[in-house]
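The primary structure of each chain is shown beneath.
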2 protein chains.
Amino acid sequence: MKGADLLPIGELAHRAGLAPSALRYYESAGLIASTRTGGGQRRYERAVLRRLAFVRAAQNVGLSLEEIRSALSTLPAQRSPTRADWARLSRSWQARLDEQIAGLTQLRDGLTSCIGCGCLSLKRCALSNPNDAMAAVGPGARFLPSVLRRTSGRQA
Amino acid sequence: MKGADLLPIGELAHRAGLAPSALRYYESAGLIASTRTGGGQRRYERAVLRRLAFVRAAQNVGLSLEEIRSALSTLPAQRSPTRADWARLSRSWQARLDEQIAGLTQLRDGLTSCIGCGCLSLKRCALSNPNDAMAAVGPGARFLPSVLRRTSGRQA
DNA sequence: ATGCAAGTTAAAGTCAGGTTCATGTCAAGG
DNA sequence: CCTTGACATGAACCTGACTTTAACTTGCAT
């Protein structure tokens with residue numbers, strides 16, 4: 001039996017569908033950890049792949065890397081995380097997604113009624129002044145994608 | 001009857017709920033236009049308020065300023081835009097919002113089924129690998145808010 | 001033992017959508 | 001006339017999530 005079959009950064013990057021630079025960045029941000037070879041090169045455990053999957057999923061839900069770091073820090077340090085651990089972390093996303101969907105739906109419905117009038121009043125229009133959640137962030141609150149925009153996605 | 005009752009930048013900013021710096025920025029980005037006084041100060045027509053309302057609404061739907069600029073450029077140059085003009089522009093947002101809601105809903109439903117398993121497989125999990133639309137943008141495609149994040153909204 | 005792909009670092013660049021600053025000008029009331 | 005607040009400009013700065021570059025080192029196959 002060999003040691004732990006550790007992955008060099010390029011291989012991990014390939015398997016995770018990320019650029020090596022992203023992995024170094026994640027490491028600098030405290031999202032993942034690595035051991036080093038005698039010569040100083042990074043070697044990753046397989047478990048990091050699952051962590052990266054979590055990171056990606058969390059990003060899709062709209063969390064910042066800092067929020068993700070914080071969530072990951074609640075995992076048990078000793079034993080390796082179980083399914084239940086991961087499930088606990090992702091459970092809280094549900095409500096967040098529900099909120100987001102509700103906000104979008106409200107915007108869409110406001111749009112439907114606005115199409116008829118073409119008003120776009122700064123004060124009254126549901127489109128330019130969506131819901132209270134938005135208003136709380138202040139006027140000019142923009143929200144939403146960044147992907148799903150025409151801005152051409154960058155590839156790892 | 002006086003001339004055209006033009007607004008200086010501070011007043012327009014106040015009425016639109018934006019910072020003067022944002023208005024200068026928008027002007028530099030080709031979203032709005034101004035005339036100048038003899039001394040070089042900006043004076044805005046009232047119609048600019050409606051344009052700004054459109055900009056804000058479009059941002060809420062997730063469009064970039066460049067996309068908004070492009071949309072605004074399809075307005076008639078001669079006559080001032082009618083309700084129908086504005087309605088035409090906003091009609092296309094409907095589909096966009098529908099897509100976004102669908103994507104989010106899919107993500108949420110994937111989450112619901114994933115909570116049970118805690119799998120987070122990079123290849124198979126609906127959470128880390130949502131829908132095809134996402135896949136088209138490439139692995140690691142993140143999407144969503146930016147507002148609704150803890151990042152503390154900045155105020156005009 | 002050697003050649004070269006793959007790895008290392010720090011620092012700088014990127015993009016969006018602005019804000020802040022320094023320095024100088026305009027406009028209007030008293 | 002003079003002061004004062006609003007305005008102008010260009011440049012620098014900001015956040016987030018990375019990528020790119022430059023200069024150098026490792027590790028593995030031949």
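Refer to the preceding data block for the structure.
All values reported here derive from a predicted model rather than from experimental measurement.

A. Structural view of the sheet that holds strand S3 (residues 42-44) of chain A. Strand order in this open sheet of three strands is S1-S3-S2 (chain A), and the pairing throughout is antiparallel. The sheet terminates laterally at strand S1 (7-8) and strand S2 (35-36) of chain A, the two strands that pair on one side only.

B. Highlighting the protein's contact with DNA strand D. Taken together, 24 residues lie around DNA strand D, and A:Ala22, A:Gly39, B:Pro8, B:Gly10 and B:Arg42 are the ones closest in. Elements with a minimum of two residues in the surface near DNA strand D: helix H2 (20-28) and helix H4 (65-72) of chain A together with helix H1 (9-16) and helix H2 (20-28) of chain B. Residue composition of the surface near DNA strand D, grouped by class: eight nonpolar, eleven polar and five charged.

C. Region of the structure containing the protein's contact with DNA strand C. DNA strand C sits among 25 residues. The nearest are A:Gly10, A:Arg42, B:Ser21, B:Ala22 and B:Gly39. For the surface near DNA strand C, the secondary structure elements donating two or more residues are helix H1 (9-16) and H2 of chain A together with H2 and helix H4 (65-72) of chain B.

D. Region of the structure containing the environment of A:Arg24. Residue and element names in this part refer to chain A. As for its position among the elements, Arg 24 is in helix H2. Of the residues examined, Arg 24 has 15 C-beta atoms within 10 Å and is grouped as partly exposed. In the structure, Arg 24 is positioned 58 residues away from Thr 82 in sequence and 25 Å away in space, judged by C-alpha atoms.

Definitions and limits used
- For every chain, the first residue of the written sequence is number 1, and numbering continues from 1 along that sequence.
- As they are written, the chains are lettered A onward and the ligands numbered 1 onward, keeping that order.
- A pLDDT threshold of at least 70 governs which residues receive local features in this predicted model, and a stricter bar of 80 or more applies before side-chain atom pairs are shown or counted, although totals over entire chains, interfaces and linings include all residues.
- At least two DSSP bridges between two strands are required for those strands to pair.
- Helix numbering and strand numbering both begin at the N terminus, where a helix is a DSSP run of H or I of at least 4 residues and a strand a DSSP run of E of at least 2.
- Think of it this way: take the backbone, place a C-beta atom on it, and check whether that atom is within 6 Å of the molecule or strand, in which case the residue is near it.
- Residues were grouped as follows: Ala, Val, Leu, Ile, Met, Phe, Trp, Tyr, Cys and Pro as nonpolar; Asp, Glu, Lys and Arg as charged; and all remaining residues, including Gly, as polar.
- In this scheme every C-beta is placed from the backbone, and a residue whose C-beta has 20 or more other C-beta atoms within 10 Å is buried, one with 12 or fewer is exposed, and one in between is partly exposed.

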